[in-house]
Amino acid sequence: MSAVSLSGKDFAVEIRSEVQARVGRLLEFGVEPRLSVVVATDDGGSAWYVRSIARAAEKVGIACDIVDLGADATTDALKAQISELGRDPSVHGIILQTPLPPGVQTSELVGLIDVYKDVDGANPTTLGLLMAGVPTFPPATAEAVVALLEHHEVPLEGREVAVVGRSTVVGKPLAHLLLDRNATVTVCHSRTKNLAKVTSRADVVVAAVGRAELLGAEHVRPGAVVVDVGTNPTEDGGLVGDVNAGEVGAVAGALTPVPGGVGPVTTALLLRHTVHSAEK
Ligand code: NAP
């Protein structure tokens, strides 16, 4: 069997053209949507990701500022910057890029991101609103997984979904979004006993682990749909997912590619959130 590739590229183009049209209408009203990405690292992977957001933003007419405080930024400097962006009426979206400098805790900063500008759903208040079913910005990667599955018409209602990974940015909010679609969700993590036994029962498996090619053929039942959120850098400057695409592609019914699957949809949704915030 050879899995169907559930690409995110064309879907991302669709989202970006919708966003571009909405930006055009805002510009007619004299509003220029603006996204600020706060950076405090010299990590190469992070720099690549931030540049890709900036390029995508500029293509649809969203101004994107990379606010780089340097890899030795202090908690106080980051707090002051995030608060200032929250007060700045010309800024509609704020992203706090990780990793942060050693000793700086994400949990001390995310609560300062203005909820109305929290386009990547990082503030605990935003996450609470999500859990309570109040309209808000879900973390873009978690939303991208569900949006990509729906785009490819993968049914979720009543299906068993195994999510591998329980981070606050991907696994946990994703479990909630899937429950909202009436899926039966199992969340796995590093202490899960016999991971393959759990995941190979599922109709849909989502890998959001950060371990290159962790999931092999034994983790997937024949015909299952597999979403690979992983973006692990390779020595030759490429990217590899959390799924062994060769092995799993031979067993699964469908598989998202890396790159070109969840990633482009995530970026497009960040832009959609920013334009939504500017419209308000
Ligand atoms: P994270 O915060 O490091 O969380 C990883 C999760 O995987 C944890 O819950 C951890 O369990 C679990 N885990 C680790 N080893 C495991 C194992 N051997 N078996 C089962 N579970 C295991 O990572 P993240 O931020 O969620 O990111 C996950 C991946 O998604 C990374 O590759 C990241 O680069 C990628 N990502 C992609 C996008 C995109 O747009 N495509 C966006 C964000 C992240 P414990 O909780 O027990 O430690």
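Residues numbered from 1 in each chain as written. Predicted model: local features only at pLDDT ≥ 70, side-chain atom pairs only at ≥ 80, totals over all residues. Heavy atoms only, no water.

Draft legend 1. The sheet that holds strand β4 (residues 93-96), seen in detail. Pairing is parallel in the open sheet, where three strands are placed in the order β3-β2-β4. Single-partner strands in this sheet number two, and they are β3 (63-68) and β4. Averaged over all adjacent pairs, the angle separating strand axes in this sheet is 15°, with direction ignored. With four bridges joining them, strand β2 (residues 34-39) and β4 adopt parallel strand pairing. In the sheet register, L35 faces β4, and the bridge partner there is G93. (Pairing = 2+ DSSP bridges. Helix = DSSP H or I, 4+ residues; strand = E, 2+ residues; numbered from the N terminus. Axes fitted to C-alpha atoms, helices over the stretch in contact; angles between N-to-C directions.)

Draft legend 2. Structural view of the pattern of salt bridges. Per the stated rule, a full pass over the model turns up ten salt bridges. Two residues, E32 and R34, come together in a salt bridge whose shortest N-O distance is 3.4 Å. Each of E18, R22, R272 and E279 takes part in salt bridges that share partners, so that together they form one network. (Salt bridge = Lys/Arg side-chain N within 4 Å of Asp/Glu carboxyl O.)

Draft legend 3. Summary view of the site of the ligand. By nearness alone, 21 residues border the ligand, and T141, R166, S167, S190 and T231 come closest of all. The separation between an oxygen atom of the ligand and a polar side-chain atom of R166 is 2.7 Å. Here T266 contributes a side-chain N or O atom positioned 3.1 Å from an oxygen atom of the ligand. When grouped by side-chain class, the residues that make up the shell around the ligand number seven nonpolar, eleven polar and three charged. (Near = heavy atom within 4 Å. Polar contact = N/O pair within 3.5 Å; in protein donor to acceptor, adjacent residues only side chain to side chain. Nonpolar A, V, L, I, M, F, W, Y, C, P; charged D, E, K, R; others polar.)

Draft legend 4. Region of the structure containing the packing of helix α6 (residues 140-151) against helix α7 (residues 171-180). In contact at an axis separation of 8 Å, α6 and α7 are set at 35° when each is read in the N-to-C sense. As for how α6 packs across α7, the hand of that crossing is right-handed. Where α6 abuts α7, its residues A142, E143, V145 and V146 lie against P173, L174, L177 and L178. Class assignment for the residues of the contact of α6 with α7 results in seven nonpolar, no polar and one charged. (Left-handed = near helix turned anticlockwise from the far one by under 90°. Contact = heavy atoms within 4.5 Å.)

Draft legend 5. Region of the structure containing α6. End to end, α6 covers 15 Å across twelve residues, agreeing with the expected 16 Å (1.5 Å per residue, within 8%). Within α6, ten of the twelve residues are buried, which leaves the element mostly enclosed by the surrounding structure. The complete set of buried residues in α6 reads A140, T141, A142, E143, A144, V145, V146, A147, L148 and L149. On its buried face, α6 is in contact with α1 (9-28), α7, β7 (204-207), β8 (225-228) and α10 (262-279). Note on α6: the residue one or two positions beyond its end, E153, has a positive phi of about 55°. (Expected span 1.5 Å × (residues − 1). Buried < 20%, exposed > 50% of the residue type's maximum accessible area, 1.4 Å probe, protein only.)

Draft legend 6. Quick look at the domain arrangement of the chain. Considered domain by domain, the chain is made up of domain 1 (29-114) and domain 2 (139-263). Distance between the C-alpha centres of domain 1 and domain 2: 28 Å. (Domains from an automatic or database assignment.)

Draft legend 7. Highlighting the packing of α6 against α10. Running from N to C, α6 and α10 point in directions that differ by 115°, and their axes come no closer than 8 Å. On the basis of their axis angle, the class for α6 and α10 is roughly perpendicular. Of the two possible hands of crossing, α6 and α10 adopt the one that is right-handed. Mapping the contact onto sequence places A140, T141, E143, A144, V145, A147 and L148 in α6 and V262, V265, T266, L269, L270 and H273 in α10. Of the residues contributing to the contact of α6 with α10, the split by class is nine nonpolar, three polar and one charged. (Parallel < 35°, antiparallel > 145°, perpendicular 65-115°, else oblique.)

Draft legend 8. Up close: unusual backbone geometry. Here the bond from T98 into P99 is cis, since omega is 5°, no more than 30 degrees from zero. Of note, P99 is situated in the loop between β4 and α4 (106-109). Of the consecutive residues V258 and P259, the connecting peptide bond is found in the cis state with omega at -5°. Along the chain, P259 falls in the loop between β11 (254-255) and α10. For E153, which is not a glycine, the phi torsion comes out positive at approximately 55°. Along the chain, E153 falls in the loop between α6 and β5 (160-164). For N182, which is not glycine, the phi torsion reads 65° and is therefore positive. Note that N182 resides in the loop between α7 and β6 (184-188).

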